[in-house]
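Examining the three-dimensional arrangement
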Amino acid sequence: MSTSSFSNLYSHHNKMLEDHLINVARLACQNITAGSVERICGYDKSMLTRLVKICGLCHDIGKATGYFQKYLFASEGEKKTLKNLDETRHGLLSAIVGFYSAQAEFAVEESLSNNEKSFLAFLAFWTIRKHHGNLEDIIDETGITDRNIDVLNDQIKSIDEDKLSVLNEKLKAEGLPLNITTTSMLEWIDLIRDDLKAIRRSLRKLDREKNIEPYLITNFIFSLLIDADKSEVVLGELPQRQPPIMDYRIVDNYKSTFDVKKSEINALRDKAYKEVLSRELDLNERIYSINLPTGLGKTFISLAFALKLRSNIYRQKKYVPRIIYSLPFLSIIEQNAEQFEKVLNQAGFKVDTDLLLKHHHLSEVYYKIGENEFEPDEAKILIEGWNSEIIVTTFVQLFHTLMSNKNNTLRKFHRLSGCIIILDEVQSIPFKYWLLVKEILREVVEKLDSYVVFVTATEPLIFERQEVKSLADKEKYFSALDRVVIKPQLEKTMTVEEFAESVNLEPDKSYLFILNTIKSAKAFYELLKPKTECIGFLSTHVIPKERLDRIIKMKQGEIRVAVTTQLVEAGVDIDFDKVYRDLAPLDSINQSAGRCNRNGDRQGEVIVVSLNDDKRRYSSYIYDDVLLDITERILEKHECIRESDFLNIIDHYYKDMQEKMASDKSRELLSALYRMKYDSSDESISIRDFKLIDNSYSKIDVFIEIDDDAEEVWQDYLKIKEIKDLFERRLEFSKIKADFYKYVVAVPINVDNLPPEVAGFRYVNINSLEEYYDRDTGFKCQGVTPIW
């Protein structure tokens, strides 16, 4: 700051406290003013901006204490002791200053009731108090103990009043509505418990109101603050957003480079593309659907539609939305992101990370704009804050941003405002969360001014059909296709051995076998292997590097017979003449059919069988009994189901599902959401209990040193583990993380042959590889359940 006097109080070792507070407030305000949100929970954009400015200006003011300043400049040895002292912590004191500052800011706001003013003050308090941690039960956050009061009094007495006076003047000049002195802070300490007690009474009524808006505004303000805070510390300021104009016709131009042969399926693809893109757009319609059969080019259609919608929003609303393209599986993120990059390159765009970003838990920590390649700590902040125009990410990242108590996932919540969310393979959302997803998305599109596009071949009934704007005449496309038939063979169950004996592999055909458990798939693969040479195996027990290589070989026809688990069902662009599928819910069977005769070259067949071990059917280990029962009842009515009938049959399936399945889990989580119960100290359900992927079986990661590259990465890891500084160690690991996890598999934690732990990670070295790992079928699990 260009000023002649400084407070000589520090927020970080090399940063003045006033600089940090003012810069965080400015960054947070920039993010909200640049966005499209006009009103949440009755509060307009002006009020929300004023609130977030208060949060920014006050969030670290507790660092002015003598205790924190001493900790900041202590030796490393002394720091460890000081860090654990209650007096060193700054969150609660900062929160109390934020509470009374917000109270003063809105005191004369005539458009607000007293309850509304109190809620804004509490929101500032809660957001600041938890800005370094995870959100908990809102009721618990209103509690302040006698010990807290004693510590607060000691902290205030330790503050240098002359330094605080300089800090106060600078914050007042930036818009803080009251004076912060040690005297005023001591007065606030005397008042805060009674003031919070009154607020607690109104918060207890939240459950009865059944309103999602308080949850949305909390996450929104919390997200703006913590994103600005983390970004300011590492980057100082965010790179200037310069969204380019991207006409949807860039997708047309890229498609024109293909050597497309005349065929019925290609004519349908072109027809579907043109139909979706010719739709007139009404921006009051918020939820769209692209429901088309597999293999009709939904990826390109959805990208082109999102770009068209983006352009329309810019013309009519004068802001440019980000596009968040979300998929259920890592295996198809790389595939689709690569296609998007080719489209953008063909159009002449320089595809830097601020234009196209991939984000998942194994993402490479790399961020580049023009000639500027950011340092890993900077890149990590930019990536995890979704600082890009097109973000390709996982369902887990997206839905755990919508429904979470965690600081690191909620940080990007504000990016969901004014955006276009594409949910590709939306049928992958478990039924138990349909109601929850519906209620949250309905509020997000309305209150955060966003848009949602469902993309699927089997559209679930998350929303009623009339609530969704269909972009294609799906009946027309399904009825026009006859690429594949489903043939149920469920009269009797078979063992894996009986199934292998019954299979006749014709030399001029390719085959895909999708089994329900890794154990049954491995056994079947070993039985089938002597029958053919061009055979491949896929499961999550094969290292990711090898899985990707095998998928490429399947695409190229080098693997003629593939034995896999369900990981190929959705979105993986492979094609076989004949598919065998162990019994599964109908939507999964339908997705399996999408890996069969995609181009309509010949008549494809999907044979549904039912396999069992010596106790029960393998399907019963994986899927809900009600779903399996509904599926069997439908399949037993048909000797053969043609592709033209898929749409009607899947609709009947989803309707039956709604009638017979319970939405208890969604209702419990919605109740937690209404009550703002982010975490729970008892057995009751909280927002923290939301898990998109149900990990019923505890697993542990194992590094497989399968080749020289793996050995080199492991040696890098060992060197990193020797770094004493935790932050530096994490930063260095982030540089190799993407390569490291190419050699990692997750195995059941209770296997009898768990490899030894080396440097904090289970490790199979190349010399003991055969003891633990089969180069064909992956990790050798011993002594566990029939699934593995």
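All of the points below concern the structure found in this document.

Parameters at a glance
Residues numbered from 1 in each chain as written. Predicted model: local features only at pLDDT ≥ 70, side-chain atom pairs only at ≥ 80, totals over all residues. Heavy atoms only, no water. Patch = residues over 30% accessible without salt bridge, like charges linked within 9 Å, V, L, I, M, F, W, Y side chains within 5 Å. Areas by Shrake-Rupley, 256 points an atom, 1.4 Å probe, with all protein chains shown as cover. Salt bridge = Lys/Arg side-chain N within 4 Å of Asp/Glu carboxyl O. Lys, Arg positive; Asp, Glu negative; His and termini not counted. Charge placed at Lys NZ, Arg CZ, Asp CG, Glu CD. Helix = DSSP H or I, 4+ residues; strand = E, 2+ residues; numbered from the N terminus. Pairing = 2+ DSSP bridges. Contact = heavy atoms within 4.5 Å. Axes fitted to C-alpha atoms, helices over the stretch in contact; angles between N-to-C directions. Buried < 20%, exposed > 50% of the residue type's maximum accessible area, 1.4 Å probe, protein only. Polar contact = N/O pair within 3.5 Å; in protein donor to acceptor, adjacent residues only side chain to side chain. Core = buried A, V, L, I, M, F, W, Y, C linked by side-chain atoms within 4.5 Å. Right-handed = clockwise from strand over helix to strand, strands pointing away. Phe/Tyr/Trp six-rings, centres within 6.5 Å; stacked < 30°, edge-to-face > 60°. Lys NZ or Arg CZ within 6 Å of the ring centre and 35° of its normal.

1. So, a positive patch on the surface
- A cluster of like positive charges, contributed by K197, R201, K205 and R208, occupies part of the molecular surface.
- Within the secondary structure layout, K197 lies in helix α9 (residues 182-203).

2. Quick word on the sheet that holds strand β19 (residues 604-609)
- Taken in spatial order, the seven strands make up an open sheet running β16-β17-β15-β18-β19-β14-β20, and their pairing is mixed. On the outer flanks of this sheet lie β16 (535-538) and β20 (641-642), each paired with one strand and no other.
- Relative to β20, strand β14 (residues 484-488) runs antiparallel, the two being bridged by two bridges. Bridge pairing in β20 places I486 opposite I641.
- Together, β14, β15 (511-514), β18 (578-582) and β19 form the strand contacts of helix α24 (residues 586-593), whose direction differs from that of β18 by roughly 160 degrees.

3. Regarding unusual backbone geometry
- In this structure, D449 is a non-glycine residue whose phi angle is positive, near 60 degrees.
- With respect to the helices and strands, D449 occurs in the loop between α19 (434-447) and β12 (451-456).
- One non-glycine residue, M676, lies in the positive phi region at around 60 degrees.
- Locating M676 in the fold gives a position in the loop between α28 (664-675) and β21 (699-704).
- The exposure class of M676 is buried, given its relative accessible area of 0%.

4. As for the side chain of H131
- Counting through the fold element by element, H131 comes out in the loop between α6 (114-129) and α7 (146-157).
- Under the relative-accessibility criterion, H131 is labelled buried at 2%.
- Engagement of the side chain of H131 in a polar contact is seen with the side chain of D60, the distance being 3.1 Å.
- Not counting the four nearest positions on each side in its chain, H131 is found in contact with H59, D60, H90, F222, L225, I226, D229 and N407.

5. Some words on the pairing of β14
- With four of its five residues buried, β14 lies for the most part within the structure.
- Pairing analysis gives five bridges linking β14 to β19, with the strands arranged parallel. Within β19, the residue paired with K487 across the bridge is I607.

6. Looking at the nonpolar core
- Residues I96, F220, F399 and L423 are the most contacted members of the largest nonpolar core, which totals 220 residues.
- Setting aside anything within four residues of it in sequence, one finds I96 in contact with F125, I144, L152, W188, I189 and I192.
- In terms of nonpolar packing, the next biggest core, distinct from the first, is built from 54 residues, L362, Y511, F537 and L769 among them.

7. Points about the pairing of strand β17 (residues 561-564)
- With burial as the criterion, each face of β17 is covered, one bearing V561 and V563 and the other bearing A562 and T564.
- In this sheet, β17 lies alongside β16 in parallel orientation, the contact comprising four bridges. Counterpart to I535 in the pairing with β17 is V561.
- A crossover connection joins β16 to the parallel β17 through helix α23 (residues 544-555); in handedness this β-α-β unit is right-handed.

8. Remarks on the sheet that holds strand β23 (residues 757-758)
- Strand order in this open sheet of four strands is β22-β21-β24-β23, and the pairing throughout is mixed. Only two strands of the sheet have a single partner each, and these edge strands are β22 (744-748) and β23.

9. Some words on the packing of aromatic side chains
- According to the stated counting rule, one finds 45 aromatic pairs in the structure shown.
- Ring centres of F703 and F740 lie 4.8 Å apart, and the angle between their planes is 35 degrees; this geometry places the pair in the tilted category. One end of the pair, F703, is in strand β21; the other, F740, is in helix α30 (residues 726-740), and 37 residues separate them in sequence. When sorted by exposure, F703 lands in the same class as F740, which is buried.
- Taken together, the aromatic side chains of F703, W714, Y717, F733, F740, Y741, Y743, F761 and Y763 make up a single cluster linked through ring pairs.
- Above the face of the Y273 ring, K255 is positioned so that its terminal group lies 3.5 Å from the ring centre.
- Across the ring face of Y248, the terminal group of K308 is positioned such that the distance to the ring centre comes to 6.0 Å.

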